[in-house]
Amino acid sequence: MSDAARRDADAVRYIVLRKLASGLRHTLMGELQSIQFLSELGARLLQNGADETRMRECVGKIPLVAGEAMATGHSVIEWLRPDEGASTTLGEVVRQCVKLAGDDWRLRATHATVAMGNSAGEARVSRTAARELVVTSLLALTDLHPGALDVEVVAEQEGDSVELRVRARRSSRAPPFPSSTIYHALDWDDVAVLAAAHGVACTCGGDTVALRFAVLPAIPGSAQPREAQRPQ
Amino acid sequence: MTLVNRLVASQGGTIEDQREGLAMGQEFVVRRPRHAEGATDNPPASRADDGGVSPPRRKRRILVADDNADLATSMGLLLEMMGNDVRVTHDGAAAVSADAEFRPDVIFLDIGMANLNGFDACRCIRAKPWGKEPVIVALTGWGHDEDKRRSREAGFDHHLVKPIEPAVLERFLADIESPAA
């Protein structure tokens, strides 16, 4: 890949991260806020000599919410500094990306449906490539087609590759608020730039994008996905 | 250097090369405009030397609606500890129906809730015969100007951005003047 192509891909990545920042912040702040409230409550209960049952109830919740916030924080860092060699299942990537890119879809009357045919959802793919391409495709779709949408994500495994198709159809639902583009609008050229950077076959245009990912071998000795982080 | 030039220029600044000659090293001076002290999203927390925060003026009925169950529960417990009568729900529709019997003085609504988002929940509450009475507060991770404008349009009285300091929350409750108060 040429230096110019690498810079183009990095420019797209930066735009994507800026667009995702709101969703990442939303998730992380919600979890950190819980810890802060519980800690404050515990401190006040201690100070006031409150009953032990209530104290136990409060303190007992802290490890769980702290653990969730840790995992979310770890996952956020993984978006900022991806592990290039990591793999995960396509189903996991799609779930994360729909949640993250669709952080405000509820307010835009945009719905997503996901259909993973045969074993496509369990197919292992490069985590970085799949995350970047799926989330960028979702963002580009909503930028290119502002308004209420039905987003369909469909995947089929064919031999040693898996094809993911993302399609948007106009919906007649009335959104509570009109669409607004966060930071810069993305388009299909941006998806194509990232696809080329990852060596992923990509066909995009109109309201559809098709991405073909190479299926990676399962991790030896483990039936479970290697994904350790809590998904966004 | 081209990249640095662009970054500095994009922020309205300048960069000068102060090099005095070959083998003298390089020194760059970057000048960029100072930003005025801006208002924060949320009111400032009280300082320790303020003597702490004041308790709410009276026991308020407060409804908390947030689909983050941990957050809603912990906030509810904290508000109770502050001396309020609190109910907690986890979606917008439940918030609207819970209202009818509870008649809260203050309602904290998350925006991105399932079933009924906070904007629509606020509109539904405001449309009720008594819906003008409660102070309705958006408590959300979304803090862009656009989000705040939409909150106002939906009928919210205040828009607080997470995270919010417990002391700020307490002072906020002490400061707001509910029509029912």
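Here the structure is shown first, and the text comes after it.
The rules behind each value
- Residues numbered from 1 in each chain as written.
- Chains lettered and ligands numbered in written order.
- Predicted model: local features only at pLDDT ≥ 70, side-chain atom pairs only at ≥ 80, totals over all residues.
- Helix = DSSP H or I, 4+ residues; strand = E, 2+ residues; numbered from the N terminus.
- Buried ≥ 20, exposed ≤ 12 C-beta atoms within 10 Å, placed from the backbone.
- Contact = placed C-beta atoms within 7 Å.
- Core = buried A, V, L, I, M, F, W, Y, C linked by C-beta atoms within 7 Å.
- Pairing = 2+ DSSP bridges.
- Axes fitted to C-alpha atoms, helices over the stretch in contact; angles between N-to-C directions.
- Nonpolar A, V, L, I, M, F, W, Y, C, P; charged D, E, K, R; others polar.

(A) Expanded view of the overall build of chain A. Within chain A, the regular secondary structure consists of six helices and seven strands. When the helices and strands of chain A are listed from N to C terminus, the series reads α-α-β-α-α-β-β-α-β-β-α-β-β. Viewed in the frame of its principal axes, chain A has a C-alpha envelope of about 65 × 50 × 40 Å. Burial status across chain A gives 39% buried among its 232 residues. In chain A, the share of contacts with a sequence separation of at least 24, taken over all contacts with a separation of at least 6, comes to 80%.

(B) Representation of the nonpolar core. If you look at the biggest cluster of nonpolar residues, it comprises 49 residues, and the most contacted ones within it are B:Val64, B:Leu109 and B:Val137. Counting residues per element, this core draws most heavily on helix α2 (residues 69-81) of chain B, which supplies seven residues. When sequence neighbours within four positions are dropped, the list of residues in contact with B:Val64 reads B:Ala72, B:Met75, B:Gly76, B:Leu79, B:Val86, B:Val88 and B:Phe108. One finds A:Val153, A:Val166, A:Val200 and A:Val209 within the second-largest nonpolar core, a separate group that totals 44 residues.

(C) Seen up close, the environment of A:Ala218. Residue and element names in this part refer to chain A. Assignment of secondary structure puts Ala218 in the segment after β7 (208-214). With 15 C-beta atoms packed within 10 Å, Ala218 lands in the partly exposed category. Measuring from C-alpha to C-alpha, the distance between Ala218 and Thr89 comes to 9.6 Å, with 129 residues separating the pair along the chain.

(D) The sheet that holds β7(A), seen in detail. Residues and elements named next belong to chain A. Taken in spatial order, the five strands of this open sheet run β2-β4-β5-β7-β6, and their pairing is mixed. Looking at which strands have only one partner, the edges of the open sheet turn out to be β2 (111-116) and β6 (201-205). Across this sheet, the average inter-strand angle for adjacent strands is 10 degrees, counted without regard to direction. On the sheet, helix α3 (residues 90-101) packs against β2, β4 (149-158), β5 (161-170) and β7 and is oriented at approximately 180 degrees with respect to β2.

(E) Layout of the interface of chain B and chain A. Counting residues at the interface gives 19 residues for chain B and 23 residues for chain A. The set of elements that each furnish at least two residues to the side of chain B that touches chain A consists of α2, α4 (118-127) and α5 (145-154) of chain B. Classifying every residue of the side of chain B that touches chain A by side-chain character gives nine nonpolar, five polar and five charged.

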